[in-house]
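# Remarks on the overall topology
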Amino acid sequence: MSPPLLGIEVGGRGNAPLMSSSASVDCISQSGSGLKERNYLGLSDCSSVGSSAVSNVSEEKKNNLNLNATELRLGLPGSRSPERDSDFNVLTSGKLDEKQLFPLLPSKDGICSLSQKPIVSGNKRGFSDTVDGFSEIKSSVFSDGKWMFNATGSDSGTPQSVVEAKLAGNAGINVMLSNNSSGAQPSMKKEVPTRAPQEGHNKMNGSNNNSSAPAAKAQVVGWPPIRSFRKNTLATTSKNNDEVDGKPGPGALFVKVSMDGAPYLRKVDLRTYSTYQELSSALEKMFMCFTIRQCGSQETPGREMLGENKFKDLLHGSDYVLTFEDKDGDWMLVGDVPWEMFIESCKRLKIMKGSDAIGLAPRAMEKSKNQN
Amino acid sequence: MAYSFPEEVLEYVFAFLSSDKDRNAVSLVCKSWYEIERWCRRRIFIGNCYAVSPQIVIRRFPEVSAVKIKGKPHFADFNLVPEGWGAYLYPWISAMARSYPWLEEIKLKRMVVTDESLELISKSFKNFKVLVLSSCEGFTTDGLASIAANCRNLRELDLKESEVEDLSGHWLSHFPDNFTSLVSLNMSCLGSEVSFSALERLVSRCPNLKTLRLNRAVPIEKLPSLLRRAPQLVEFGTGAYSAEIRTDIFSNLVEAFSGCKHLKSLSGFWDVVPAYLPAMYNVCSRITSLNLSYATVQSPDLVELISQCPNLKCLWVLDYIEDAGLKALSSYCKDLQELRVFPSDPYGAEPNVSLTEQGLVTVSAGCPKLQSVLYFCRQMSNAALIAIARNRPNLIRFRLCIIEPQAPDYLTLEPLDTGFGAIVEHCKQLRRLSLSGLLTDRVFEYIGTHAKKLEMLSIAFAGDSDLGLHYVLSGCESLRKLEIRDCPFGDKALLANAAKLETMRSLWMSSCSVSYGACKLLGQKMPRLNVEVIDERGPPDSRPETCPVEKLYVYRTVAGPRVDKPDFVWTMDEDAALRLS
């Protein structure tokens, strides 16, 4: 028996309107056969709810989609960013209109309130915020109460058992589709998931955050999708061609960062930082997990807050220092030379124990004196 | 039960089957065919090193002479997979060293290869012939020295774009004086200078050398010496192609190139001085493959070169070629099958070259055999995409990267849904597609409806909702690899299409909206999938269940959960749910 899975009722019952491909329809009917809708929460099937809306669902849905598309086009020409965001707004509300056709949970109030979420404007990188908006919207759009995730999002109750209960029918989407008596179980409140995703996303897109955008265009990690090998080669090529005229060099500058005792390396793009402070904080974050282990095996992995402070102490204290290998192969302390000079000559970084780094500082100073 | 043919006959027949698909089909016919086939399969392809274990492979296929293994997900090329993620070669080598003493070929992609592994390879396989390390990392030139020194029958050493810690160029000098079997050497990714005299001697004593791709450190003046010693070369990659303009260097080059009557492929061309390009004109009429993707040369010089290559099938070039150059390409090179245009200044705010969508449209119109495209540009329109689709329904690979994320049709400011829709509708044999620009769920509806042969799809900054992901997962019948970044796809579509994931090699989702809870659920319910959460913020259970994970990598496997995971990778499985909740 194939493992049971959550069925999706995309946009309400009957996916047919949304997916016009015959393949999908076949898919629907195939997996629809022999499946019973299950009512896990002992609520009555509300088969009649909104059934009158079903027949015209396809038309209305399509029209709604088209309408939405039209609305999108009415966005402001010229300035892309604000338009884009208004697009999202429009789309959001458009989808909400669609939702009213389907016998979704009554929590329309809940749905409407979601649309009030402000979306960062003029900010392409505010994608994370937009996405958060969507994760909420999605839950309202697609939920028919079967998606217990959302319901359990806010109560820390027994997600396990509730989720178990939800798994019905066969693999794939189409469990509920052939059944008209679908998911409207009005008392299944569509609860708004906690706002945790917001924080998560912002943290995730930390490197993309506008607040840390350097003077040059804010760079998204891994975009455009060009291999490091090519990026680094191009960077060196243009340097050789003397095309760099005072503006920051093209491309990224990835260097490896290793740490004594850490099992593996990291790579950082030096061009995403403009000061030693930025680099240092980024490295702290990256290597925090190693120091937690090192400074106390008794500590459980979850104790990040404690560890963070400890790491800062470690880095600023005498325990660890940041060193770099320059083009000549010499190891020197980071921080002695101006930032621009540093990134020109840095080939790799190493977080060493303070005791190992004794004697490095004077060399760095001397060297830069000699070079000057 | 009497068999119609003795086993030996069946085995003889099976030997004619080279494709894995055919061999897999044969193994399913009956138990005896399975047995016969597994004893005579010599070449193994492992598309995901974690989908199977060395032990399982060896148990089933006891006599293997060639292995090809792929490791990290494709997005690792763009630094989306943190360092230390995995894909270690060593466990494979140590297992194979014991069981496949006659292994001849190892081809790897995106794996972590250590000097230790290389040394073990060089010492364990007496008849070792072919080593291809494509986009690999973790080794130094010392590892190469072991290979050079110990692999007496080595034919091929190809380091395609690997990240090698270049300690020195001495490794090349480790090839013994009586070593003569080299057929192919690609060291283009290395930085250090090798001993030129060692290189010369190596080239001289290997009469079967067909491919020689040098690294940047080999200066242009030294090329004639090598070319003269290897007139049989078919594929040649130069080093830095620049020097002050001197007639003697130029004429030496012309002469040396002329002597190579079999040259079909040229590459290298770092730091090109355009005046030296004409030195190659003598061989251009036979050239079928040209990699100028490091050549920072302007369009007129490129056009002059390309106009000499009527038999060109494959061109990799920088966007310096511009629309004008692509127009010339489309008129001179009617045999063109593959075109890749890379950006010369991807991070600049303003375009630095006059390359637009028009160039691609022109090539699609003029080159009837064009089937594979990778194109970086800054503007695109639905009209252009529709034209390309109509011109070239024979496209197999179409990867378009509009540099600005979510850039709309620059003429109408609409999303590019209809444009890409036209691509998938007309190009019925399309196997690989990469999307970019402003895209709504609608494009995914088109893809799900039409792209029935699509095997690999790359999506970034696209879509509006789970519907998009759902269209793809439910509609694309041939889908094997799906990689997604920064899209508003979440739990619903993923869970609803969970069974689909078992029919695919892998799914990558990063910076999307898949919650930890959904990942756990997926992992619990799909025991034949490894559902791995990659999150550098710390254990996922230290955050609420609804919190989206940073990265998700799901792949089918018969090897169970990984045993070599780093700190930032968590496998969602039944145990995980109990352990972590």
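Here's what I pulled together on the structure shown here. (Residues numbered from 1 in each chain as written. Chains lettered and ligands numbered in written order. Predicted model: local features only at pLDDT ≥ 70, side-chain atom pairs only at ≥ 80, totals over all residues. Heavy atoms only, no water.)

Helix and strand counts for chain A stand at 14 helices and 5 strands. Counting across all 372 residues of chain A, residues that qualify as buried make up 49%. If you take every contact in chain A between residues at least 6 apart in sequence, the share linking residues at least 24 apart comes to 69%. Accessible surface, chain A: about 17,200 Å² in total, of which carbon and sulfur atoms supply 54%. (Helix = DSSP H or I, 4+ residues; strand = E, 2+ residues; numbered from the N terminus. Buried < 20%, exposed > 50% of the residue type's maximum accessible area, 1.4 Å probe, protein only. Contact = heavy atoms within 4.5 Å. Areas by Shrake-Rupley, 256 points an atom, 1.4 Å probe, with all protein chains shown as cover.)

With that settled, consider the nonpolar core. In terms of nonpolar packing, the biggest core is built from 204 residues, with B:W171, B:Y241, B:L315, B:F398, B:I447 and B:L482 touching the most fellow members. In contact with B:F398, not counting residues within four places along its chain, are B:L360, B:V373, B:L385, B:I388, B:F420, B:I423, B:L430, B:R432, B:L433 and B:S434. Counting residues in each nonpolar core, the second largest holds 25 residues, with A:L279, A:Y320, A:M332 and A:V334 among its members. (Core = buried A, V, L, I, M, F, W, Y, C linked by side-chain atoms within 4.5 Å.)

In the structure shown here, the tally under the stated rule is 31 salt bridges over all chains. Residue B:R42 is joined to B:E63 by a salt bridge in which the shortest nitrogen-to-oxygen separation is 3.7 Å. One end of the pair, B:R42, is in the loop between α3 (31–40) and β1 (43–46); the other, B:E63, is in the loop between α4 (54–60) and β2 (66–70), and 21 residues separate them in sequence. With a relative accessible area of 40%, B:E63 lands in the partly exposed category. The shortest N-O distance in the salt bridge between B:E477 and B:K452 comes to 4.0 Å. Taken as a pair, B:E477 in the loop between α18 (466–475) and β19 (481–485) and B:K452 in the loop between α17 (441–450) and β18 (456–460) lie far apart in primary sequence, 25 residues in all. The exposure class assigned to B:E477 is exposed, which follows from its relative accessible area of 54%. Here the salt bridges do not stand alone but share partners, grouping A:R227, B:D77, B:R110 and B:E161 into one network. (Salt bridge = Lys/Arg side-chain N within 4 Å of Asp/Glu carboxyl O.)

This part covers unusual backbone geometry. Residues A:W223 and A:P224 are joined by a peptide bond in cis, for which omega reads -5 degrees. When you line up the elements, A:P224 lands in the loop between α9 (196–204) and α10 (228–240). One non-glycine residue, B:D486, lies in positive phi territory at about 55 degrees. Position of B:D486 among the secondary structure elements: in the loop between β19 and α19 (491–496). A relative accessible area of 3% places B:D486 in the buried class.

This paragraph deals with the side chain of B:S344. Mapped onto the elements, B:S344 comes out in the loop between β14 (338–342) and α14 (357–366). Among the residues examined, B:S344 registers a relative accessible area of 10% and is labelled buried. At a separation of 2.6 Å, a polar atom in the side chain of B:S344 contacts the side chain of B:D319. A polar atom in the side chain of B:S344 sits 3.0 Å from the side chain of B:N352. Those residues within four positions of B:S344 in sequence are excluded, and the remaining contacts are A:L234, B:L318, B:D319, B:Y320, B:N352 and B:V353. (Polar contact = N/O pair within 3.5 Å; in protein donor to acceptor, adjacent residues only side chain to side chain.)

In this section: the environment of B:R442. Within the secondary structure, B:R442 is located in helix α17. Put simply, B:R442 and B:G421 are 21 residues apart on the chain and 8.6 Å apart in space, counted from C-alpha to C-alpha.

A few words now on the sheet that holds strand β2 (residues 266–269) of chain A. All names here are of chain A. Across the sheet, 5 strands lie side by side as β2-β1-β5-β3-β4; this open sheet has mixed pairing. In the strand order of this sheet, the two ends are held by β2 and β4 (331–333), each with one partner. When the angles between neighbouring strand axes are averaged without regard to direction, this sheet yields 30 degrees. Pairing between strand β1 (residues 254–259) and strand β5 (residues 346–353): 4 bridges, direction parallel. (Pairing = 2+ DSSP bridges. Axes fitted to C-alpha atoms, helices over the stretch in contact; angles between N-to-C directions.)

What follows concerns the packing of aromatic side chains. Ring pairs (aromatic) are described by centroid distance and by the angle formed between their planes. Going through the model one piece at a time under the given rule, you end up with 25 aromatic pairs over all chains. Seen from their ring centres, B:F125 and B:F128 are 6.1 Å apart, and the 35 degrees between their planes marks the pair as tilted. On the basis of relative accessibility, which here comes to 1%, the residue B:F128 falls in the buried class. Between the aromatic rings of B:F175 and B:F179, the centroid separation amounts to 4.8 Å while the plane-to-plane angle is 15 degrees, which identifies the pairing as stacked. On the basis of relative accessible area, B:F175 is assigned to the buried category, the value being 3%. Residue B:F179 is classed as buried on the basis of its relative accessible area of 1%. Aromatic ring contacts, followed pair by pair, group B:Y50, B:F75, B:F78, B:W85, B:W508, B:Y553 and B:Y555 into a single cluster. Stacked on the ring of A:W331, the Lys or Arg A:K350 has its end atom at 5.6 Å from the ring centre. (Phe/Tyr/Trp six-rings, centres within 6.5 Å; stacked < 30°, edge-to-face > 60°. Lys NZ or Arg CZ within 6 Å of the ring centre and 35° of its normal.)

Right, let's get into α18(B). Burial analysis of α18(B) places 10 of its 10 residues in the buried class, which makes it a mostly covered element. Looking only at α18(B), the buried set comprises B:D466, B:L467, B:G468, B:L469, B:H470, B:Y471, B:V472, B:L473, B:S474 and B:G475.

Once that is clear, we can look at the pairing of strand β4 (residues 130–134) of chain B. Residue and element names in this part refer to chain B. Counting buried residues in β4 gives 5 out of 5 residues, a clear majority hidden from the surface. Burial of β4 is two-sided: the residues V130, V132 and S134 facing one way and the residues L131 and L133 facing the other way are all buried. As judged from the 5 bridges shared by strand β3 (residues 105–109) and β4, these two strands associate in the parallel manner. Among the inter-strand pairings, K107 is bridged to a residue of β4, identified as V132. Regarding topology, helix α6 (residues 115–124) serves as the crossover connection from β3 to the parallel β4, and that connection is right-handed. (Right-handed = clockwise from strand over helix to strand, strands pointing away.)

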